[in-house]
Amino acid sequence: MIYKNIDGIVQPVSRIVFGTATPAMMEGQDATELLDAVAAGGVNCFDTARAYGMAEKSLGDWMQKRGNREKIVLVDKGAHPLPDTTVPRVTPAAIEADIARSLALLQTDHVDIYLLHRDDPTQPVGPIMEVLNDLRERGKLNLFGVSNWTTARIEAANEYAYQNDLEPFTVSSPNYGLAEQVLDPWGGGCVSISGPHEAENRRWYQDSGMEIFAYATLAHGLFSGKIRSDQLNHVADYLDKFAIRGYCCRDNYERLRRTEQIAEKHGCSVAQAALAWVLAQPLGVFAEVSASTPERFASNLGALEIQLTEAELRFMDLR
């Protein structure tokens, strides 16, 4: 495993982060076998959310069973619209309610990194920064940041923090991967920094030094090995509607075809090659990866052993 230090987190953090939005965990099922295998692979960082059904409970039960909470870097998210709605909930009251419920399900008194899962640009940043700083002072969270916020909104929030002697956002979780997100997969509120049109935002992140926890690094399954570039007439048989809406386009199909060539050259899977591409980028992101079985996740970890050349990195990204 490759680890990276984050200011404010005691232990080094694994560059591969396990995402708990698996069907079984979202139903609250016992995930001991899967999570044991993830931890055995060197992963010490786990990403969950109030919006992931009962995944927090499944993760909390495992940490309680193994007595390993202090070894885990816990990333949690809140302030997401309620299920089957698009009504924003980025308010101090919703943040307080969500983190209280999350801590109870996780069976812990704090989370290491707490992220606001969505944004509501109509809300002023001041009360948001104040409630997060208050939660930090009360020991409910350590670092805090955002998921799916634009760089402009992050700048505005951090400017308020600096002017009022408050802690700023230090972590962000946008979509980032080899595939360009051409449409919002879930129909509202997603922010991506993938693809040629997001170069300026990637430069912003590189200049700011803000830590990035990248989600959908394998394009919601398009680069997972579920489908090959010669099977695209049957894409609906392999990918769900979110992957199809967000990532299925001509350029991404070409990226998939080229990634298959690189994978064959290196004797690895498409998922391993695509994840190796993410880990090799200069942003130094933490790559969030999910899997439903220990075997599939162990296979993904093989990306750590692949060294792609600069020419290969450019080739895969159509450059």
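Residues numbered from 1 in each chain as written. Predicted model: local features only at pLDDT ≥ 70, side-chain atom pairs only at ≥ 80, totals over all residues. Heavy atoms only, no water.

## What to know about the packing of helix H4 (residues 92–106) against helix H5 (residues 125–137)
No. 1: Between H4 and H5, the shortest axis-to-axis distance is 9 Å and the interhelical angle comes to 30°. When the axis of H4 is compared with that of H5, the two are roughly parallel. With respect to the hand of their crossing, H4 and H5 are arranged in right-handed fashion. Only Pro127, Ile128, Val131, Leu132, Asp134 and Leu135 of H5 make contact with H4, whose side of the interface consists of Pro92, Ile95, Glu96 and Ile99. (Axes fitted to C-alpha atoms, helices over the stretch in contact; angles between N-to-C directions. Helix = DSSP H or I, 4+ residues; strand = E, 2+ residues; numbered from the N terminus. Parallel < 35°, antiparallel > 145°, perpendicular 65-115°, else oblique. Left-handed = near helix turned anticlockwise from the far one by under 90°. Contact = heavy atoms within 4.5 Å.)

## A look at the nonpolar core
No. 1: Ranked by size, the top nonpolar core spans 89 residues in total, and within it Leu116, Leu132, Phe169 and Phe223 carry the most contacts.
No. 2: Element by element, the count of residues in this core is highest for helix H10 (residues 270–280), at nine residues.
No. 3: Discounting residues that sit within four places of it in the chain, phenylalanine 169 has contacts with Leu116, Met129, Leu132, Phe144, Gly145, Val146, Trp149, Ile154, Ala157, Asn158 and Met210.
No. 4: Counting residues in each nonpolar core, the second largest holds 13 residues, with Ile9, Val13, Val75 and Phe286 among its members. (Core = buried A, V, L, I, M, F, W, Y, C linked by side-chain atoms within 4.5 Å. Buried < 20%, exposed > 50% of the residue type's maximum accessible area, 1.4 Å probe, protein only.)

## Quick look at the pattern of salt bridges
No. 1: Using the criterion set out here, one finds 17 salt bridges in the structure.
No. 2: Here arginine 50 makes a salt bridge to glutamate 56, at a shortest N to O gap of 2.7 Å. As far as the burial class goes, arginine 50 and glutamate 56 line up, both buried.
No. 3: The partner of arginine 89 in a salt bridge is aspartate 98, with the nearest N and O atoms 2.9 Å apart. (Salt bridge = Lys/Arg side-chain N within 4 Å of Asp/Glu carboxyl O.)

## Digging into the pairing of strand S7 (residues 141–147)
Looking down a regular strand, the side chains alternate between one sheet face and the other.
No. 1: Most of S7 sits inside the fold, with six of its seven residues counted as buried.
No. 2: Bridge analysis of strand S6 (residues 111–116) against S7 gives five bridges, and the strand direction is parallel. Its bridge partner being in S7, tyrosine 114 is matched across the sheet by phenylalanine 144.
No. 3: A crossover connection joins S6 to the parallel S7 through H5; in handedness this β-α-β unit is right-handed.
No. 4: With three bridges connecting them, S7 and strand S8 (residues 171–173) associate as parallel partners. Across the sheet, residue serine 147 finds its bridge partner in S8, namely serine 173.
No. 5: This β-α-β element, S7 to helix H6 (residues 151–163) to S8, shows right-handed connectivity. (Pairing = 2+ DSSP bridges. Right-handed = clockwise from strand over helix to strand, strands pointing away.)

## Digging into the packing of aromatic side chains
Within a pair of aromatic rings, the relevant descriptors are the distance that separates the centres and the angle that separates the planes.
No. 1: One pass over the structure, following the stated rule, counts nine aromatic pairs.
No. 2: Pairing phenylalanine 46 with tryptophan 62 gives two aromatic rings, centres 5.3 Å apart and planes at 50°, and the pair type is tilted. In this pair, phenylalanine 46 sits in strand S4 (residues 45–47) while tryptophan 62 sits in helix H3 (residues 55–66), placing the two residues 16 residues apart along the sequence.
No. 3: In this structure tryptophan 62 comes out as buried when scored by relative accessible area, which is 2%.
No. 4: With 5.6 Å between their ring centres and 25° between their planes, tryptophan 186 and phenylalanine 242 make a pair best called stacked. Of this pair, tryptophan 186 sits in the loop between S8 and helix H7 (199–208) while phenylalanine 242 sits in helix H8 (residues 241–247), placing them 56 residues apart in sequence.
No. 5: The partly exposed category is assigned to phenylalanine 242, whose relative accessible area is 26%. (Phe/Tyr/Trp six-rings, centres within 6.5 Å; stacked < 30°, edge-to-face > 60°.)

Geometry only, nothing functional implied.
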